[in-house]
Amino acid sequence: MTTSPYDILFEPVKIGPKTTRNRFYQVPHCTGMGHRYPQAEAAHRGVKAEGGWGVVSTQETEIHPSSDLTPANEGRLWDDGDIPALQLMAEAVQAHGSLAAIQLAHNGHHATGRYSRQPTLAPSSTPSDWGDPWQARGMDKADIKAFRGWHVDAAKRAKRAGFDIIYVYAGHDMTLLMHFLLARHNRRSDEYGGSFENRLRLFREVLADTRDAVGDSCAIAVRLAVDELMGEAGLRHEVEGRDIIEALAEEPDLWDVNISDWSNDSQTSRFAKEGYQEPYTAFVKSVTTKPVVGVGRYTSPDTMVRLVKSGHLDLIGAARPSIADPFLPNKIREGRLEEIRECIGCNICVSGDNLMMPMRCTQNPTVGEEWRRGWHPEVITGDKIASERFLIVGGGPAGMEAARGLVQAGHEVVLAEASDAWGGRVAIESALPGLAEWGRVRDWRLWQLQQKDAADLYLQSRLSSSDILEYGIGQVVLATGASWRMDGVGRTHRLPVAAFGALPVLSPESAMQGGLEQDDGTGPIVIYDDDGFYLGSVLAELAVQTGREVVFVTPEAVVAPWTENTLEQTRIQARLIQLGVTIIPLHEVAEGDGSTLELACVYSDARRQIPCATLVPLTSRVPNDALWSNLKEHEADWDAAGVTAVTRIGDCYCPSTIAAAVHAGHEFARTVTGAQIDPPRRGERVDLSPER
Ligand code: ADP
Ligand code: SF4
């Protein structure tokens, strides 16, 4: 029998009365599919089990109407009627020999009650987390007793739904059990508040209740935040984090440990590298004999082996790496390491939960489509049409993914890229401060394509419409991207603004590719961000490297507001402040004259003038569709040239995220007819038929 350095990752681990077949553990994570799309949810989790994750968990699952998180779309186990949907998920996971885990949650004052209209609950009367004009009710003893009963009921229902592992959840500053632990939330003077032992009481009781209720046949896991990165104002791993685990060390069957809040737990690659939680969770195994699982965006098998061998973790926890590559464990087991599709740490997946929509992933376009469209992350069958040749113009994420998928489906492709590098915007943006890991979008696809004879790859090949017609390849795919506008048109100004023509404007594309260093302006660089996502702030960071003064102007109230959805906004704004960038929020460009920029307050129109030696405007993008227009003009010649169809995909069809470009490329590879003529999608409709 051959041995591999990674064999240790495939050892079974006993978790209470259950045994997981290996050390790969998909910790609970939201999907945006939750209780509203149970079939999509089940299919998504089932694919992870198929890909080799030994344990696959639900997302947080509300145990009672007073924990209603509407409009967020999490799991729900309010009563027996919720059992079948969760059973579907457990069965999908167990069908592949994996253990199914469920994260029971009462969200305390983090719940909303917006659907249930039940008062939310807290250790002490306190405002809602969401800015709603209602408070969470400070719990009396009867409430505490009722809560314990709800948790027991939910645990019994979870067992009936077939789950192997049942969580008691005290993490992320978003659960009642953590709220009781934290002195800033728990201001009680009875035996549930005050001293550490009193604040721990409810957690201890619920853990014991859960064991009494289901511990004979289900493993009991605890998910606990051991640090909040708040210093003395919060939980610290060396102090109370450690005390909690010492106090309950042998009580659960498994410790699932992380840092809180969610923005600390799920940091992006811009702010944290693989293993960023290790300094906080390393101590846990020294105070318990129970298995420990932890996370840190682990995609490297060598790192995983180190974590196990060094006695840091027993189980390699993952949310995002399991989303980006549901087959990561199987690929390691089969020695197919180059095929691992590594998470890039962009948190587009997280935006799904925050925007209450089914999750999507930049690296894995099949996420959220497993049930709805029957997409498998590892399989594309070319049964839609017979094998054909495709000419793909543009080697960005859309073009590369289309090429990769078409080859996988059994077609031949010619991929032509104008520049001397693969990756399109990914090649450019991954060279910017903090975004290096984004290059994995290009690297994974390029490696796949380079393995295949059916893919002819050409750099430095800018194609014109006549080149394309001369090629005479039947199926032409345009993936030529989009360009940032220079005329100010964006969300704030829907028409061009004269000021942009009267100022020394540097395009974002130039700024990203050395233009800022070469710029001979001597005054401030002004980044005008009407886009609101990450790029404006990244360009501000780049501009700081020139040593010139940098001013960030935005019509928004904060820097990069959309990055709230990727959990980065606070970090981004803090970083710009630390770098000395002057931030001018709530202002739009009004006038420009040489080196003076006049700004207008978005509320009052009050004007102020600032010096501006170089203006970098991020407003909106226009599709690069000149090639498309040219080809359309010559449509009469297509037939004679042998061209049967021309399809635009990605940013040249509609500017969007990198995730959307990858999805568009993938969609084309599967459907060939392209995004425009899509087959009907499966929906999870409510059955309103009279006989229901
Ligand atoms: P998307 O996100 O839709 O993939 P990108 O802007 O990232 O779009 O990539 C588009 C790629 O297309 C760029 O690398 C660009 O150099 C390339 N491109 C644009 N026009 C042509 C052309 N006429 N011939 C070949 N490549 C082109
Ligand atoms: Fe990773 Fe980004 Fe995919 Fe999330 S969306 S799993 S962060 S690659």
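In this text the structure is predicted, and so the values were computed from the model without any measurement.

Engineer: Tell me about the overall build of the protein chain, and please be specific about residues and values.
Structural biologist: Check the secondary structure of the protein chain and you find 22 helices and 28 strands. Expected size for 692 residues packed as a compact globule is a radius of gyration near 26 Å; at 27 Å, the protein chain falls within 12% of this value. When the backbone C-alpha atoms are referred to their principal axes, the protein chain occupies close to 75 × 65 × 60 Å. The long-range fraction of contacts in the protein chain, counting pairs at least 24 apart against all pairs at least 6 apart in sequence, stands at 71%. Carbon and sulfur atoms make up 50% of the accessible area of the protein chain, which totals about 26100 Å². Of the charged side chains in the protein chain, 68 are positive and 94 negative; the average position of the first set lies 5 Å away from that of the second.

Engineer: With reference to specific residues and values, describe the domain arrangement of the protein chain.
Structural biologist: Each assigned domain of the protein chain is listed here: domain 1 (7-335), domain 2 (389-481 + 645-673) and domain 3 (498-622). For domain 1 versus domain 2, the separation of C-alpha centres amounts to 39 Å. Listed as interface residues are 5 residues of domain 1 and, on the opposing side, 5 residues of domain 2. Taking both partners together, domain 1 and domain 2 bury about 410 Å²; carbon and sulfur atoms supply 35% of that area. If you look at where domain 1 meets domain 2, you find 1 salt bridge. For Glu437, the salt bridge is made with Arg297, and the minimal N-O distance between the two is 3.3 Å.

Engineer: Please give an account of the site of ligand 1 that cites residues and values.
Structural biologist: Close contacts around ligand 1 come from 21 residues, with Ala398, Glu417, Arg425, Leu463 and Asp651 the closest. Take Pro397: an N or O atom from its main chain is 3.2 Å from an oxygen atom of ligand 1. A distance of 2.8 Å separates an oxygen atom of ligand 1 from a polar backbone atom of Asp651. The fraction of the free accessible surface of ligand 1 (580 Å²) that becomes covered by protein chains is 89%. Class assignment for the residues of the shell around ligand 1 results in 9 nonpolar, 8 polar and 4 charged.

Engineer: With reference to specific residues and values, describe the sheet that holds strand S26 (residues 614-618).
Structural biologist: Strands sit in the order S22-S21-S20-S26 across an open sheet of 4 strands; the sheet is parallel. Every interior strand has two partners, whereas the edge strands, strand S22 (582-584) and S26, have only one. Recorded for the sheet is a direction-independent mean angle of 20° between the axes of neighbouring strands. This element, helix H17 (residues 508-518), spans strand S20 (525-529) and S26 of the sheet and lies at about 135° to S26. Along the sheet, helix H18 (residues 535-544) makes contact with S20, strand S21 (550-553) and S26, crossing S21 at roughly 170°.

Engineer: So, the packing of helix H1 (residues 38-50) against helix H2 (residues 83-94): which residues are in play, and what are the values?
Structural biologist: Between H1 and H2, the least distance of the axes is 7 Å, while the angle of their chain directions is 20°. Relative to H2, the element H1 lies roughly parallel. Considering how the two elements wind past one another, H1 and H2 form a crossing that is right-handed. Here Pro38, Gln39, Ala42, Arg45, Gly46 and Ala49 of H1 lie close against H2, whose contacting residues are Ala85, Leu88, Met89, Ala92 and Val93. Classifying every residue of the contact of H1 with H2 by side-chain character gives 8 nonpolar, 2 polar and 1 charged.

Engineer: Pulling in residues and values, what's your account of the layout of surface pockets?
Structural biologist: Here the second largest pocket is characterised by a volume of approximately 870 Å³. Gly424, Thr480, Gly481, Ala482 and Asn624 are the residues nearest the centre of the second largest pocket, which is lined by 41 residues in total. Those elements that provide at least two residues to the lining of the second largest pocket are helix H13 (397-408), helix H14 (425-429), strand S19 (482-484), H17 and helix H20 (626-633). Counting residues per element, the lining of the second largest pocket draws most heavily on H14, at 4 residues.

Engineer: Explain unusual backbone geometry to me, using residue names and the numbers behind them.
Structural biologist: A negative phi angle is the norm for most residues apart from glycine, just as the trans form is the norm for most peptide bonds. Each neighbour pair has its own omega, and for Thr70 with Pro71 the value is 10°, a cis peptide bond. Among the secondary structure elements, Pro71 is positioned in the loop between strand S4 (55-62) and strand S5 (75-76). Across the junction of Ser260 and Asp261, the peptide omega takes the value 0°, indicating a cis bond. Tracing the chain through its elements places Asp261 in the loop between strand S12 (254-259) and helix H7 (262-265).

Engineer: Tell me what's going on with the pattern of salt bridges, and back it up with residues and numbers.
Structural biologist: In the structure shown here, the tally under the stated rule is 49 salt bridges. When the shortest N-O distance is used, the salt bridge between Asp164 and Lys18 registers 3.3 Å. Of this pair, Asp164 sits in the loop between helix H3 (141-160) and strand S10 (165-170) while Lys18 sits in strand S2 (residues 18-20), placing them 146 residues apart in sequence. Residue Lys18 is classed as partly exposed on the basis of its relative accessible area, which comes to 21%. Across the pair Glu205 and Arg148 runs a salt bridge, and its minimum N-O distance is 3.1 Å. Taken as a pair, Glu205 in helix H5 (residues 196-214) and Arg148 in helix H3 lie far apart in primary sequence, 57 residues in all. Residue class for Glu205 comes out buried when judged on its relative accessible area of 19%. Each of Arg297, Glu342, Glu437 and Arg440 takes part in a single network of salt bridges with overlapping partners.

Engineer: Please set out the UniProt feature "domain: FAD/NAD(P)-binding" (unreviewed entry) in the protein chain residue by residue, giving values where relevant.
Structural biologist: The sites that carry the UniProt feature "domain: FAD/NAD(P)-binding" (unreviewed entry) are, in the present numbering, residues 390-642. The span residues 390-642 carries 31% helix and 23% strand; its end-to-end C-alpha distance comes to 12 Å.

Engineer: Mind laying out the site of ligand 2, listing which residues take part and the relevant values?
Structural biologist: In the vicinity of ligand 2 lie 13 residues, with Cys343, Cys346, Asn347, Cys349 and Cys361 positioned nearest. Listing elements by their share of the shell around ligand 2, those giving two or more residues are helix H10 (320-324) and helix H12 (348-354). Among the elements that take part in the shell around ligand 2, H10 stands out by supplying 3 residues, more than any other. A breakdown of the residues in the shell around ligand 2 according to their chemical character gives 8 nonpolar, 4 polar and 1 charged.

Engineer: For the UniProt feature "domain: NADH:flavin oxidoreductase/NADH oxidase N-terminal" (unreviewed entry) in the protein chain, give the residues involved together with the corresponding values.
Structural biologist: Summarizing the sequence annotation, UniProt attributes the feature "domain: NADH:flavin oxidoreductase/NADH oxidase N-terminal" (unreviewed entry) to residues 9-337 in the numbering used throughout. End C-alpha to end C-alpha, residues 9-337 measures 14 Å, and it is 33% helix and 19% strand.

Engineer: Describe the pairing of S20, listing the residues and the values that go with them.
Structural biologist: With 5 of 5 residues buried, S20 lies mostly within the body of the structure. On the question of chirality, the crossover connecting S20 to the parallel S21 by way of H18 is right-handed. For S20 and S26, the ladder comprises 5 bridges, and the chain directions are parallel. Note that in S26 the partner of Ile525 across the bridge is Thr614.

Engineer: Could you give me a rundown of empty space enclosed by the protein, with the residues and numbers involved?
Structural biologist: Summed over the entire model, instances satisfying the criterion amount to 6 cavities of 30 Å³ or more. Volume-wise, the largest cavity comes out at about 110 Å³. When contributions to the lining of the largest cavity are tallied by element, the ones reaching two or more residues are H1, S4, S5 and H2.

Engineer: Give me the lowdown on the side chain of Arg199, citing residues and values where you can.
Structural biologist: You can see Arg199 is positioned in helix H5. Residue Arg199 is classed as buried on the basis of its relative accessible area of 7%. From its side chain, Arg199 meets the backbone oxygen of Leu181 in a polar contact 2.6 Å long. Engagement of the side chain of Arg199 in a polar contact is seen with the side chain of Glu240, the distance being 3.0 Å. Here Arg199 is in contact with Phe180, Leu181, Leu182, Ala183, Asn186, Tyr192, Gly193, Gly194 and Glu240, once residues within four sequence places are set aside.

Rules used throughout
- Residues numbered from 1 in each chain as written.
- Chains lettered and ligands numbered in written order.
- Predicted model: local features only at pLDDT ≥ 70, side-chain atom pairs only at ≥ 80, totals over all residues.
- Heavy atoms only, no water.
- Helix = DSSP H or I, 4+ residues; strand = E, 2+ residues; numbered from the N terminus.
- Rg over C-alpha atoms; globule rule 2.2 N^0.38 Å.
- Contact = heavy atoms within 4.5 Å.
- Areas by Shrake-Rupley, 256 points an atom, 1.4 Å probe, with all protein chains shown as cover.
- Lys, Arg positive; Asp, Glu negative; His and termini not counted.
- Charge placed at Lys NZ, Arg CZ, Asp CG, Glu CD.
- Domains from an automatic or database assignment.
- Buried area = accessible area lost by both parts, 1.4 Å probe.
- Salt bridge = Lys/Arg side-chain N within 4 Å of Asp/Glu carboxyl O.
- Near = heavy atom within 4 Å.
- Polar contact = N/O pair within 3.5 Å; in protein donor to acceptor, adjacent residues only side chain to side chain.
- Nonpolar A, V, L, I, M, F, W, Y, C, P; charged D, E, K, R; others polar.
- Pairing = 2+ DSSP bridges.
- Axes fitted to C-alpha atoms, helices over the stretch in contact; angles between N-to-C directions.
- Parallel < 35°, antiparallel > 145°, perpendicular 65-115°, else oblique.
- Left-handed = near helix turned anticlockwise from the far one by under 90°.
- 1 Å grid on protein atoms, 1.4 Å probe; cavity = no way out; pocket = protein on both sides within 12 Å on 5 of 7 lines; lining within 4 Å.
- Points joined across faces, edges and corners; volume = space filled by probe spheres on them.
- Buried < 20%, exposed > 50% of the residue type's maximum accessible area, 1.4 Å probe, protein only.
- UniProt positions renumbered as here; feature names shortened; annotations may be inferred.
- Right-handed = clockwise from strand over helix to strand, strands pointing away.

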